[in-house]
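Listed below are the residues making up each chain.
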Amino acid sequence: MSDPIGVGVIGLGFMGRTHLGAYEAARKNGSANTVVAVCDQDPDLRAGKPSGQTVNLAPGAADKPLFDPDSVHGYADPDELLADPAVDLVSICTYTPTHVPLALKALAAGKHVLVEKPVALCEEDALKLVEAAKDAGTVCMPAMCM
């Protein structure tokens, strides 16, 4: 059996939490993945605490951790997450203007990339990402978690 894919999620707002849930559901259904790192500016979110933002959490989930903080490394800086050798795949769940710059960095770091929609705000940026993805030798695709 192969090692599970090490997942890093950048941005733990609504969509980042949705991605965490999608990875958990996929793991429970036999997909070999493990969330190994997260990145967010909020230290409570980096520690797995819901931080009072329960908009997309199931009823009663506000008191449950978003992930096991003992097994998931929390970063404030996306570059540190991208440098983590345990991360094979990165979900980019940040504000739209940051999608392409973060995806380009992730591809340059040799990571597979799942980038939230909209991928870019203009065609020129989307085309930059397409070209980088062609050259990267890794998968880069828009997220379809919902």
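It should be noted that the structure appears before, not after, this text.
Quick summary incoming for the structure in this document. Since this is a predicted model, take the numbers as computed values, not measurements.

Here is what the cut-offs are and how they apply
- Residues numbered from 1 in each chain as written.
- Predicted model: local features only at pLDDT ≥ 70, side-chain atom pairs only at ≥ 80, totals over all residues.
- Heavy atoms only, no water.
- Pairing = 2+ DSSP bridges.
- Helix = DSSP H or I, 4+ residues; strand = E, 2+ residues; numbered from the N terminus.
- Axes fitted to C-alpha atoms, helices over the stretch in contact; angles between N-to-C directions.
- Salt bridge = Lys/Arg side-chain N within 4 Å of Asp/Glu carboxyl O.
- Buried < 20%, exposed > 50% of the residue type's maximum accessible area, 1.4 Å probe, protein only.
- Polar contact = N/O pair within 3.5 Å; in protein donor to acceptor, adjacent residues only side chain to side chain.
- Right-handed = clockwise from strand over helix to strand, strands pointing away.
- Expected span 1.5 Å × (residues − 1).

Brief notes about the sheet that holds strand β4 (residues 89-92)
- Read across the sheet, six strands follow the order β3-β2-β1-β4-β5-β6 without closing on themselves; strand pairing throughout is parallel. Only two strands of the sheet have a single neighbouring strand rather than two, namely β3 (73-75) and β6 (140-142). Neighbour-to-neighbour, the strand axes of the sheet open up by a mean angle of 25°, direction not taken into account.
- Here β4 runs beside strand β5 (residues 112-115); their pairing, made up of four bridges, is parallel. Following the sheet pairing, Leu89 is matched in β5 by His112.

Considerations on the pattern of salt bridges
- Tallied over the entire structure, the rule returns six salt bridges.
- Salt-bridge contacts for Lys28 lead to Glu24; the nearest nitrogen and oxygen are separated by 3.7 Å. You can see Lys28 and its partner Glu24 sitting in helix α1 (residues 14-28), four residues apart, about one turn around the helix.
- Overall, the relative accessible area of 61% leaves Lys28 in the exposed class.
- Among the residues examined, Glu24 registers a relative accessible area of 31% and is labelled partly exposed.
- Its salt-bridge partner being Asp79, residue Lys105 comes within 3.1 Å of it at the nearest N-O pair.

Points about the environment of Glu24
- Considered as a pair, Glu24 and Phe67 are 43 residues apart in the sequence and their alpha carbons are 9.4 Å apart.
- A polar atom in the side chain of Glu24 sits 2.6 Å from the side chain of Arg27.

Let's talk about the pairing of strand β1 (residues 5-10)
- The buried count for β1 comes to five of six residues, which makes it a mostly enclosed element.
- Bridge analysis of β1 against strand β2 (residues 33-39) gives six bridges, and the strand direction is parallel. Bridge assignment links Gly8 to a residue of β2, and that residue is Ala37.
- The parallel pair β1 and β2 is bridged by α1, and the resulting crossover is right-handed.
- In terms of strand pairing, β1 meets β4 through four bridges, oriented parallel.

Some words on the environment of Asp77
- Mapped onto the fold, Asp77 is located in the loop between β3 and α3 (78-83).
- We classify Asp77 as partly exposed; its relative accessible area is 32%.
- For the pair Asp77 and Ile10, spaced 67 residues apart in sequence, the C-alpha to C-alpha distance is 9.2 Å.
- Here Asp79 takes part through its backbone nitrogen, which lies 2.8 Å from a polar atom of the side chain of Asp77.

A closer look at helix α5 (residues 123-136)
- The end-to-end C-alpha distance of α5 is 20 Å, a good match for the 20 Å that 14 residues give at a rise of 1.5 Å each.
- Phi turns positive one or two residues past the end of α5, at Gly137, with a value near 75°.

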